[in-house]
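A structural walkthrough
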Amino acid sequence: EVQLQASGGGSVQAGGSLRLSCSGSGFDFDDYAIGWFRQVPGKDREGVACISSENPTIVWYGDSVKERFAASRDNAENTMYLQMNSLKPEDTAVYYCSLCTLGGEFYTARDSDSWGQGTLVTVSS
């Protein structure tokens, strides 16, 4: 079964940085584009980044995080990363890693799969 586990969230002051990690299992990690979306309770999910399965220079970013966030991946370790710099209070959300497309869409392997717990990022003024 496809599993993706997010970690690395925490609390940081505005202008600070965090690096999130996403570990995959149950599938051929290097065959899929992997990315991040975020969600505030009561609001729709917002795409953050999606990185190509084979060419890590091909990355989709949401407009609100361009030039501040950078995605990377280590296929040998089945891990994908999101380096977040110049964090703003509006970046506060639960961040989830997910299968994705380079057009900025996010999906689970099956409709019955959940997004998991995600990892909370809190940015203070």
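An account of the accompanying structure is given in this report.

Parameters at a glance
Residues numbered from 1 in each chain as written. Predicted model: local features only at pLDDT ≥ 70, side-chain atom pairs only at ≥ 80, totals over all residues. Heavy atoms only, no water. Helix = DSSP H or I, 4+ residues; strand = E, 2+ residues; numbered from the N terminus. Buried < 20%, exposed > 50% of the residue type's maximum accessible area, 1.4 Å probe, protein only. Contact = heavy atoms within 4.5 Å. Disulfide = S-S within 2.5 Å.

1. Brief notes about the environment of Ser72
- Considering the arrangement of structural elements, one finds Ser72 in strand 7 (residues 69–74).
- According to the relative accessible area criterion, Ser72 is partly exposed, its value standing at 33%.
- Separated by 20 residues in the primary sequence, Ser72 and Ser52 have C-alpha atoms spaced 9.3 Å apart.
- Discounting residues that sit within four places of it in the chain, Ser72 has contacts with Ile51, Met80 and Tyr81.

2. Looking at the state of the cysteines
- Within the structure shown, the criterion is met by two disulfides.
- Put simply, Cys22 and Cys97 are joined by a disulfide, and their sulfur atoms are 2.3 Å apart. Measuring the twist about the S-S bond at about 75 degrees, one finds the Cys22-Cys97 disulfide to be right-handed. Residue Cys22 is located in strand 3 (residues 18–25), and its partner Cys97 is located in strand 9 (residues 93–100); the two are separated by 75 residues in the primary sequence. Each member of the pair, Cys22 together with Cys97, is buried.
- Disulfide partner of Cys50: Cys100, at an S-S distance of 1.9 Å. Across the disulfide from Cys50 to Cys100, rotation about the S-S bond amounts to roughly 85 degrees, and the bridge is consequently right-handed.

3. A short note on the side chain of Ser53
- Following the sequence through the fold, Ser53 ends up in the loop between strand 5 (46–51) and strand 6 (59–61).
- Using a relative accessible area of 18% as the deciding quantity, one classes Ser53 as buried.
- If near-sequence neighbours (up to four positions away) are discounted, Ser53 is found in contact with Asp30, Asp31, Tyr32, Ala33, Arg73 and Asn75.

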